Amino acid sequence: MPPGKTRRGGGFTLLWVSSAFGEFAYSTSLIVLPLIVLALTGSPSQAGIIGFVDAAAMLLAGLPAGAVADRYDRRTVMLCCQAALVAVFGALAALLWTGTVSLPALVVLALVNGAATALVMAAGEAMIPSLVAEERLSDAVAMNAARTYAGQLAGTSAGGFLLAVKHSFPFVVGCLAHLAGLVLLLFLKRQPPAAGAPGDRAPVSGRGLMEGVRWIMSQPFLRVGLVCATATNFFFGVIYFIVIASAQTSGMATGLIGVMAALLGVGGLLGALAAPPLQRVLTGARPIYVVLWVFVVLTAGIAVLPGGWTPGVLLGAIAFAAPTANAYFTTHQLMLTPDSHRGRVVSVAAVASGGGGAVAPLAGGIVLDLAGRSAGLLGCTAVMAVIALLTSLSPALRDVPEPGTAGAAPPARTPPTPPRPVPARAPSTPLRPAPTPPPPLRPARRPTPTPAPTPARGPAPAPPSGHDRPRNRPTGRKRPRRPRYVFCGSATGPLASGPGMTVAPCRRHDLGGGVTGSGGVRRRR
């Protein structure tokens, strides 16, 4: 791993521990608030209102949370949310300590708790790819899932224990947990989102909020994967409600029902820890296929197998398998989404899956009333089998895009630039062969002037012999001397191809310029 990537692992550790404190405090308040309202008012309906307000605040703040995480520095967003939660938890602890708490104060806490948690989740998850190396992203996502399950288990168990000691203690501990998370975030570097397309600054408006939806709809893998995740969360919530409600109506002890719920949390925690090695074994989109078909088989087992502990064990097995598919989908979602859109895409996915889980108890109650336990569970099994079959045949999951091929923000629409005129060019001159360098000339001897004949009174003198004849005649121009040696065979060398070449010899077997003859040379006569 590169050194820069190794140094960034410390930032993810700070984020993980800070978020773990927040998960613990949120789970503590989630179980304590309805019990406090029930103790104050004695009305189960008002106790249910608190849980609804918390869930509604988280869902309604989901889309704006993603836009805020894409527009502002994500570390600053998390710091502001943690500071608000510290103040609200501390104020409620003080009111409970003095005995002056009221229902409106509890409703305000539920609103702030749900909205701030949605902001923290969107900003924290969008920050992960900038804190870990790409090859460790799936492990980081699995660790986040393990943190969620661990926070739920620890928060729910600690909340009941602290509430038994004193009503204000759960919120005192929650205030301290959020304060610890705030301090840890101070050591984290600033995390501004990357710049997207020109003019795209993720405004907190209707257009900015829907940008995450448009991005998911433009990516077939994200679209199909989100539909599968939403359907799985919905039907798992329906099955869980049917199992718990039917166990209570059948007269099962409350302790055993609590054990079944605990098995669900333990299975999810173990599955999150086992997700990284399972993803290395199940390559491609196999984690999604395997988890969906395991869900179908185990749901059928819950419907037909006897035993009081069987539903709890099978629900724990479903919870064990789910984090592997969740880690695979979330990893590709983060890698395929540009950083400028990451917060909005994360919030859309959270709202879709969370909305399915929120509606599930209502649908489970209707199914249980109309069809009964066995028929309702078998109906859920049949619908999940159809979803698993369609998912297995979907080309969007068979041809998963490589991370980085779709991870760029859509370019801004700009008018096409007209082509620039090309200046006229002069007609090119055809290439001519390079002229052969002229042969070196030897200095010509000055011609010996022929003395004028002296008029003789006697007979005319005899003509001069060949030895006395001048070598160069005064013709008015100089002619080069021919070489004294000629080749007997073919000539080779860098200058052997020139037409009409004559070179003054330097040696007997070399005519100069590196030209040699294969058959030797002979003296010219």
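Residues numbered from 1 in each chain as written. Predicted model: local features only at pLDDT ≥ 70, side-chain atom pairs only at ≥ 80, totals over all residues. Heavy atoms only, no water.

Peer 1: Account for the packing of helix H12 (residues 286-304) against helix H13 (residues 310-336), with residues named and values stated.
Peer 2: Viewed as axis vectors pointing N to C, H12 and H13 meet at an angle of 165°, and their least axial separation amounts to 9 Å. Between H12 and H13, the angle falls in the class roughly antiparallel. Seen from above, H12 lies across H13 with left-handed handedness. Facing Pro287, Ile288, Val291, Val294, Phe295, Leu298, Thr299, Gly301 and Ile302 of H12, the residues of H13 in contact are Pro311, Leu314, Leu315, Ala317, Ile318, Ala321, Ala322, Thr324, Ala325 and Tyr328. Split by residue class, the contact of H12 with H13 holds 16 nonpolar, three polar and no charged. (Axes fitted to C-alpha atoms, helices over the stretch in contact; angles between N-to-C directions. Helix = DSSP H or I, 4+ residues; strand = E, 2+ residues; numbered from the N terminus. Parallel < 35°, antiparallel > 145°, perpendicular 65-115°, else oblique. Left-handed = near helix turned anticlockwise from the far one by under 90°. Contact = heavy atoms within 4.5 Å. Nonpolar A, V, L, I, M, F, W, Y, C, P; charged D, E, K, R; others polar.)

Peer 1: Describe in detail the confidence of the model for the chain, supporting the description with residues and values.
Peer 2: Per-residue confidence for the chain gives a mean pLDDT of 76; residues scoring 70 or more make up 70%. Low confidence marks residues 1-8, where pLDDT is under 50. Its contacts with residues over four positions away, or in another chain, come to ten contacts. Every residue in residues 421-436 scores below 50 in pLDDT, and together they form two contacts with partners more than four places removed in sequence or on other chains. (pLDDT = per-residue confidence, 0-100.)

Peer 1: Residue-level account of the packing of aromatic side chains, with values.
Peer 2: Under the criterion given, the structure shown has six aromatic pairs. Plain terms: the ring middles of Phe234 and Phe235 are 5.2 Å apart, the flat faces sit at 80° to each other, and that makes the pair edge-to-face. Residue Phe235 is classed as buried on the basis of its relative accessible area of 12%. Of the aromatic side chains, those joined through ring pairs into one cluster are Phe221, Tyr328 and Phe329. The ring of Trp97 carries Lys166 above its face, with NZ or CZ at 5.0 Å from the centroid. (Phe/Tyr/Trp six-rings, centres within 6.5 Å; stacked < 30°, edge-to-face > 60°. Buried < 20%, exposed > 50% of the residue type's maximum accessible area, 1.4 Å probe, protein only. Lys NZ or Arg CZ within 6 Å of the ring centre and 35° of its normal.)

Peer 1: Lay out a nonpolar patch on the surface with the relevant residues and their values.
Peer 2: On the surface, Met143, Val266, Leu270, Leu273, Leu278 and Phe320 cluster together into a nonpolar patch covering about 470 Å² of accessible area. A per-element tally of the nonpolar patch places helix H11 (residues 254-281) first, with four residues. Within the secondary structure, Phe320 is located in helix H13. (Patch = residues over 30% accessible without salt bridge, like charges linked within 9 Å, V, L, I, M, F, W, Y side chains within 5 Å. Areas by Shrake-Rupley, 256 points an atom, 1.4 Å probe, with all protein chains shown as cover. Salt bridge = Lys/Arg side-chain N within 4 Å of Asp/Glu carboxyl O.)

Peer 1: Residue-level account of the pattern of salt bridges, with values.
Peer 2: For the structure on display, the rule yields seven salt bridges. The shortest N-O distance in the salt bridge between Arg344 and Asp70 comes to 2.8 Å. Placement of the pair is Arg344 in helix H14 (residues 342-371) and Asp70 in helix H3 (residues 62-71), with a sequence separation of 274 residues. Summarising the burial analysis for this pair, Arg344 and Asp70 share the class buried.

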